[in-house]
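Here is what each chain is made of, one letter per residue.
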Amino acid sequence: MSAASYLFVPANRTDRYAKALDSGADAVIVDLEDAVGPQLKDEARAALAGWLRHNGAQPRLWVRVNAADTAWHEADVAAFAGMDIAGIVLPKAEHPAAVAAIARRLKEHRQGVIALIETAAGIAAMRDIARTAGVARLAFGSIDLQVDLGMQCDAIESELAHLRVEMVLASRLAGIAPPIDGVTTTFDDMPFLAAAVQRSLRLGFGAKLCIHPRQVAAVNAGFRPTAGELAWAKAVMAAVDKSDGGAISLDGKMIDKPVILQAQRFLQRGGVV
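Residues numbered from 1 in each chain as written. Predicted model: local features only at pLDDT ≥ 70, side-chain atom pairs only at ≥ 80, totals over all residues. Heavy atoms only, no water.

Participant: It is not clear to me how the layout of surface pockets should be interpreted in this structure. Could you clarify?
Facilitator: One water molecule sets the probe size; rolling that probe over the atoms shows where empty space is left. Considering only enclosed or pocket space, the largest pocket measures out at about 770 Å³ in volume. Along the walls of the largest pocket sit 25 residues, with Pro 178, Phe 205, Gly 206, Arg 265 and Arg 269 positioned nearest its centre. Where the lining of the largest pocket is concerned, the elements lending two or more residues are helix 8 (161-174), helix 10 (216-223) and helix 12 (257-269). Top element by residues in the lining of the largest pocket is helix 12. It accounts for four residues. Residues that form the lining of the largest pocket fall into these classes: 11 nonpolar, eight polar and six charged. Approximately 460 Å³ is the volume attributed to the second largest pocket. Among the elements of the structure, strand 1 (5-10), helix 1 (17-21) and helix 7 (142-149) are those that each provide at least two residues to the lining of the second largest pocket. Per-element tally for the lining of the second largest pocket: the top contributor is strand 1, with four residues. (1 Å grid on protein atoms, 1.4 Å probe; cavity = no way out; pocket = protein on both sides within 12 Å on 5 of 7 lines; lining within 4 Å. Points joined across faces, edges and corners; volume = space filled by probe spheres on them. Helix = DSSP H or I, 4+ residues; strand = E, 2+ residues; numbered from the N terminus. Nonpolar A, V, L, I, M, F, W, Y, C, P; charged D, E, K, R; others polar.)

Participant: How should I be thinking about the side chain of Thr 184 in this particular structure?
Facilitator: Turning to its location among the elements, Thr 184 is positioned in the loop between strand 7 (180-181) and helix 9 (190-203). Setting aside its immediate chain neighbours within four residues, Thr 184 contacts Phe 192, Leu 193, Ala 196, Lys 208, Leu 209, Ile 211 and Gln 215. (Contact = heavy atoms within 4.5 Å.)

Participant: Explain helix 4 (residues 96-107) here, please?
Facilitator: An α-helix turns once per 3.6 residues; consequently, residues spaced three or four apart project the same way. Taking 1.5 Å as the rise per residue, helix 4 with 12 residues should run 16 Å; its terminal C-alpha atoms sit 16 Å apart, in good agreement. Of the residues making up helix 4, those classed as buried are Val 99, Ala 100, Ile 102, Ala 103 and Leu 106. Taken end-on, helix 4 shows its buried residues confined to a sector of 170°, consistent with a single buried face. Away from the buried face of helix 4 by more than 90 degrees, exposed residues Ala 97 and Arg 104 are located. Here the buried face of helix 4 lies against helix 3 (73-80), strand 4 (85-90), strand 5 (112-117), helix 6 (126-130) and strand 6 (135-140). (Expected span 1.5 Å × (residues − 1). Buried < 20%, exposed > 50% of the residue type's maximum accessible area, 1.4 Å probe, protein only. Arc of directions from axis to C-beta.)

Participant: Help me out: how do you make sense of the packing of helix 11 (residues 227-242) against helix 12 in this one?
Facilitator: Helix-helix packing is described using two parameters, namely the angle between the two axes and the distance between the axes. One can describe the packing of helix 11 onto helix 12 by two numbers: an axis separation of 9 Å at closest approach and a directional angle of 130°. By the angle between their directions, the pair helix 11 and helix 12 is classed as oblique. In this structure, helix 11 meets helix 12 at a crossing whose hand is left-handed. Where helix 11 abuts helix 12, its residues Glu 229, Leu 230, Trp 232, Ala 233, Lys 234, Val 236, Met 237 and Val 240 lie against Val 259, Ile 260, Gln 262, Ala 263, Gln 264, Phe 266 and Leu 267. Looking at side-chain class alone, the contact of helix 11 with helix 12 contains 11 nonpolar, two polar and two charged residues. (Axes fitted to C-alpha atoms, helices over the stretch in contact; angles between N-to-C directions. Parallel < 35°, antiparallel > 145°, perpendicular 65-115°, else oblique. Left-handed = near helix turned anticlockwise from the far one by under 90°.)

Participant: For this particular structure, what's the right way to read the pairing of strand 6?
Facilitator: Buried residues dominate strand 6, accounting for five of its six residues. Where strand 5 lies against strand 6, five bridges are found, and the strand directions are parallel. Paired with Leu 116 across the two strands is Ala 139, which belongs to strand 6. (Pairing = 2+ DSSP bridges.)

Participant: What is the right way to read the nonpolar core from this model?
Facilitator: Most often, soluble globular proteins keep nonpolar side chains buried together rather than apart. In this structure, Phe 80 and Leu 138 are the most contacted members of the largest nonpolar core, which totals 57 residues. The element best represented in this core is helix 2 (residues 41-55), accounting for five residues. Apart from the residues lying within four places of it in its own chain, the contact partners of Leu 138 are Ala 115, Ile 117, Met 126, Ile 129, Ala 130, Met 167, Ala 170, Ser 171, Ile 176, Pro 179 and Ile 180. Among the nonpolar cores identified, the runner-up in size contains 15 residues, and Phe 8, Leu 116, Ala 139 and Ala 207 belong to it. (Core = buried A, V, L, I, M, F, W, Y, C linked by side-chain atoms within 4.5 Å.)

Participant: What am I meant to see in helix 11 here?
Facilitator: Taking 1.5 Å of rise per residue, 16 residues should cover 22 Å, and helix 11 covers 23 Å from first to last C-alpha, within 8% of that figure. Along helix 11, the residues classified as buried are Leu 230, Ala 233, Val 236, Met 237 and Ala 239. Against strand 9 (249-250) and helix 12 lie the buried residues of helix 11.

Structure representation (structure tokens):
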């Protein structure tokens, strides 16, 4: 089952790494990009590398490096390629060839790349980026994208719905895990967050970026099937198991292949199979 919650933690706050890993988040992204000022980036990189050497394998930990066109990018990639972590989150992913070059370096060490799509160029190249060997998932940088496109979206980012669908489609065509939706900047309004997660789920996303530990439980719960959905899925699969290969019905409704696939997805998301 793919991770549903990805919690950011600033790279220059080593005291928060363990707390983030203990927060209940499926994955943690230690951020060397937006969360760290220019004057602190080298120090933060060294601190994170030292923490990883001291604490050993961290299979749920990703590092968001600085973008490929920055002075810190190469040092970031060199520092963490080969470390026992999940991989690297690449911000402002735009050029498939550049993504492929990084992915090849990481693949040697069984690490993956999460390509963060947050510019017009990234949107234009999204399908090719998704198909790049070594890319584990796409992630949606919705806030940066609004700035790049000069958009002023409403609170629920209705104007970006079609781009979210395109990201889901790109991931499906590439045969990779469903994409990770962007952050919700408020962390005190739980109903608003829950609604945002439901929109992500309805559009086909499989995960969401979190900026605060308070968001993790709501995100995890939102991407899990409800008790009713799990009960329905189990009933569907039980009916399939009892069938003799002919027509199958449950509660007066026909069960065909799409229904069976939906039931299997509910069980997978719920960790039942």
